[in-house]
Amino acid sequence: MKKECDIVQDLLFGYADNTLKEGSTNLVEEHLKSCKKCKEILENIRDDENNDIEKIDGLKKINRKMRNKKIFLIIVSSLLIIFLLFSVFVFICYSKEAGRLQVFFKDEISEDKKSDIKNIVLTIDENANITYVSKEIEFENLKKNLGKLEENNKLLEEYETEKNIFPASYIIETKLDKVDKMIEELSKIEEIKSITTIKNINPYVLFVFKYILKK
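Conventions we followed
Residues numbered from 1 in each chain as written. Predicted model: local features only at pLDDT ≥ 70, side-chain atom pairs only at ≥ 80, totals over all residues. Heavy atoms only, no water. Patch = residues over 30% accessible without salt bridge, like charges linked within 9 Å, V, L, I, M, F, W, Y side chains within 5 Å. Areas by Shrake-Rupley, 256 points an atom, 1.4 Å probe, with all protein chains shown as cover. Salt bridge = Lys/Arg side-chain N within 4 Å of Asp/Glu carboxyl O. Helix = DSSP H or I, 4+ residues; strand = E, 2+ residues; numbered from the N terminus. Buried < 20%, exposed > 50% of the residue type's maximum accessible area, 1.4 Å probe, protein only. Phe/Tyr/Trp six-rings, centres within 6.5 Å; stacked < 30°, edge-to-face > 60°. Arc of directions from axis to C-beta. Core = buried A, V, L, I, M, F, W, Y, C linked by side-chain atoms within 4.5 Å. Contact = heavy atoms within 4.5 Å.

**Student:** Just give me the short version of a nonpolar patch on the surface, but keep the residues and values in it.
**Tutor:** Together, Ile-71, Ile-75, Leu-79 and Ile-82 give the surface a local cluster of nonpolar side chains, amounting to about 390 Å² of exposed area. Within the secondary structure, Ile-75 sits in helix α3 (residues 36-98). With relative accessibility at 47%, the residue Ile-75 sits in the partly exposed group.

**Student:** Run through the packing of aromatic side chains, naming residues and quoting values.
**Tutor:** Overall, the coordinates contain five aromatic pairs when judged by the stated rule. Aromatic pair Phe-91 and Tyr-94: ring centres 6.4 Å apart, planes at 75°, arrangement edge-to-face. Of this pair, Phe-91 and Tyr-94 both sit in helix α3, three residues apart, roughly one helical turn. Overall, Phe-91 belongs to the partly exposed group, its relative accessible area being 40%. Centre to centre, the rings of Phe-91 and Tyr-204 are 6.0 Å apart; their planes meet at 90°, and the pair counts as edge-to-face. Of this pair, Phe-91 sits in helix α3 while Tyr-204 sits in helix α8 (residues 203-213), and the two are 113 residues apart along the sequence. Tyr-204 gets classed as partly exposed once you look at its relative accessible area, which sits at 29%. Following the ring pairs from residue to residue traces out a cluster consisting of Phe-86, Phe-91, Tyr-94 and Tyr-204.

**Student:** Give a description of helix α2 (residues 22-32) that names residues and reports values.
**Tutor:** Considered for burial, the residues of α2 that qualify are Thr-25, Val-28, His-31 and Leu-32. Down the axis of α2, the sector holding all buried residues measures 135°, keeping them to one side. Turned more than 90 degrees from where α2 packs its buried face, Glu-22, Gly-23 and Glu-30 sit exposed.

**Student:** Go over the nonpolar core, please, and point to the residues and values.
**Tutor:** Counting 17 residues, the largest nonpolar core has Val-103, Phe-105, Ile-117, Val-121, Ile-172, Met-182 and Leu-186 as its most contacted members. Elements with a minimum of two residues in this core: β1 (100-105), α4 (111-124), β3 (169-173) and α7 (179-186). Excluding residues within four positions of it along the chain, Val-103 makes contact with Ala-168, Ser-169, Tyr-170, Ile-172, Leu-186, Ile-192, Ser-194 and Ile-195. In this structure, Tyr-15, Cys-35, Cys-38 and Ile-45 belong to the second largest nonpolar core, which totals eleven residues.

Taken by themselves, the reported measurements are silent on function.
Here's what the structure looks like:
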């Protein structure tokens, strides 16, 4: 009997996996009918296999969760990188635009005073770019901005000569950190009518109006 148990026990793993040939299967089943010990061994084998299956399923769930978490982190990281790159681009555009100011003159300003203004600007930023915009050019720019509608052109015709109310100006392109100092110094000059700047506009708002809505 012991010898038969040894043979059957060697076959129990194959019997539990349903991989035995028909003759071996019949031998095991006949033996199990009368051998309690081998039957217990078979039950233990099946319990171990079920536990292994549960462990494998558990590992699959863990791997699936880890994979989903990894995909989520990749998506979030990609979005952050895109946002950072976009922010860098926005602030580059902002630095370029916010470092630009326009100084409008009163009509009675002299050429000497214009030179003084230019000297003040270059003292603050020797690399500043200064462009003079005459009353006539300012008027033409306005006409372009209003478009080619006939009623607009008729409305502006009377201002083309001595009635031109548009002030001459300097357009100054400087570094962003120099703008406040220039405004402070230039504001002291009586012959200056006004100074415009977009430095205090939110960089993202400026980007939307300047590069998106304008299109």
